[in-house]
Amino acid sequence: MIILNNAKPIDGGITAPKGFKAAAVRAGIKESAPPDKLDLALIVGDVPCTAAALFTTNKVQAAPIILSKQHAANGTARAIIVNSGNANACAPNDTANALKMAESAANALGIDTQDVIVASTGVIGQELPIAKIEAAVAGLTDSLDSKGSEAASKAIMTTDTFAKEFAFEVEIGGVPVKVGGIAKGSGMINPNMATMLAFITTDAAISAEMLDKALRVNNDFNSVCVDGDTSTNDMVCVLASGLAGNAPISTEGEDYSCFCDALSNVTLNLARAIARDGEGATKLITCNVTQASSKEAADAIAKSVVSSSLVKAAMSAADANWGRILCAVGYAAGQFTVDNVQLTVASKKGMLTVCENGKGVPFCEETASEILGEEEISILVNMNETHEGSEGAALAFGCDLTAEYVRINADYRT
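The text that follows walks through the structure, step by step, so that each part is easy to find. (Residues numbered from 1 in each chain as written. Predicted model: local features only at pLDDT ≥ 70, side-chain atom pairs only at ≥ 80, totals over all residues. Heavy atoms only, no water.)

### What about the environment of Gly 75?
Considering the arrangement of structural elements, one finds Gly 75 in the loop between helix 1 (63-72) and strand 4 (76-84). The exposure class of Gly 75 is buried, given its relative accessible area of 9%. Each C-alpha atom of the pair Gly 75 and Val 44 lies 16 Å from the other, and the pair is 31 residues apart in sequence. Setting aside residues no more than four positions away along its own chain, Gly 75 makes contact with Cys 49, Thr 50, Ala 51 and Ala 208. (Helix = DSSP H or I, 4+ residues; strand = E, 2+ residues; numbered from the N terminus. Buried < 20%, exposed > 50% of the residue type's maximum accessible area, 1.4 Å probe, protein only. Contact = heavy atoms within 4.5 Å.)

And the structure:
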């Protein structure tokens, strides 16, 4: 777990903040799924909530994305309903079924359909069995619970191997404020705001404008790459109940910064967990870029390194093939020089510099292999373009590329 600044990790996931309940049931959406697989989740605010959301940049967009864009446009929402097992993308009756999904939740909760966010994840192109979802909604609403985060986090999983939920608490103006979230994502992950879904709640009192800004500034999901594919269904949605009792945040300042700290702790840890759970992955790869000419250049370089199939394959084999890393640095977008680049690999087994001033340096291959044999490894890229502590720094998260990834995706539909 990564803990930034003064945030305190707490239990409870998406239902840790005041005013939220969640639930999950098995609707039987994917017939080949195990009989105990939860596949339909609901997250509900006790009160109308401020809302902000980000969506996939893929030009092919699933019906739930199109509908939820419309529903989130006014900056308010009350509930999120999400299914796994079917993406409801490019499928027969996809638009109508997305709306029916929202209506079924709205009717059961006694709220406006406009206040329901809809999300789906699974196979593209197959018709959503909407009758199964409608039949399951009553049981879903009946089981809403202030401790329902874990069930919801499991229901949204597809090829994920573990549930992903985090919550943190900070003080804003002396008032405890909580932010919690759940996410799913294992393959088709290359968010540009894969299949990646993330849902976050907070009890902070914050305006829609500032919530939207905070989400865009702290969107750590853009720093993740599993396989370079941006999904048709990517979505990140935040609901704020305002029940913490802090003075409402309507402008930038100390309170806004404190809120961003809490939000970033949640998004950063969820992003890291998604990378660690990449399909077929055996290793989490973190690329840490420092002393770049700008934050934008650092972001591009870090993402380029963790996105490289050749780098990912080398890391799978614990091979310190630094030329692949330098190559990935060099084709990153942006203006920067590579003459002074230093590359270092690191893990709990130690650190080893393999490149200085853009050139290879002698190193012990056995030591390098031992360092890269760990489950969590870091690639440190010092661009040496500016002074220490500048804004030209970034983190990105990825995973190794294994034969198991190919097997999973070769057999995904069957």
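Next, the rest of the story.
### Structural notes on the pattern of salt bridges
Using the criterion set out here, one finds 13 salt bridges in the structure. Between Glu 31 and Lys 132 there is a salt bridge, with the nearest N and O atoms lying 3.7 Å from each other. On the criterion of sequence distance, the pair formed by Glu 31 in the loop between strand 2 (20-25) and strand 3 (40-55) and Lys 132 in helix 3 (residues 130-142) is long-range, its members being 101 residues apart. Exposure remark for Glu 31: the relative accessible area of 70% places this residue in the exposed category. A salt bridge links Asp 160 to Lys 164, with the nearest nitrogen and oxygen atoms 2.8 Å apart. Using a relative accessible area of 7% as the deciding quantity, one classes Asp 160 as buried. Within the structure, one salt-bridge network assembled from shared partners comprises Lys 348, Lys 349, Glu 370 and Glu 374. (Salt bridge = Lys/Arg side-chain N within 4 Å of Asp/Glu carboxyl O.)

### Overview of the packing of helix 5 (residues 208-217) against helix 6 (residues 254-276)
Geometry of a packed helix pair, given as the angle between the helix axes and the separation of the axes. Where helix 5 meets helix 6, the axes come as close as 10 Å, and the angle between the chain directions of the two elements is 50°. Here helix 6 runs oblique to helix 5, going by the angle between their axes. As for how helix 5 packs across helix 6, the hand of that crossing is right-handed. Touching Met 210, Leu 211, Lys 213, Ala 214, Leu 215 and Val 217 of helix 5 are Tyr 256, Phe 259, Cys 260 and Leu 263, all from helix 6. Across the contact of helix 5 with helix 6, the residue classes tally to 9 nonpolar, no polar and 1 charged. (Axes fitted to C-alpha atoms, helices over the stretch in contact; angles between N-to-C directions. Parallel < 35°, antiparallel > 145°, perpendicular 65-115°, else oblique. Left-handed = near helix turned anticlockwise from the far one by under 90°. Nonpolar A, V, L, I, M, F, W, Y, C, P; charged D, E, K, R; others polar.)

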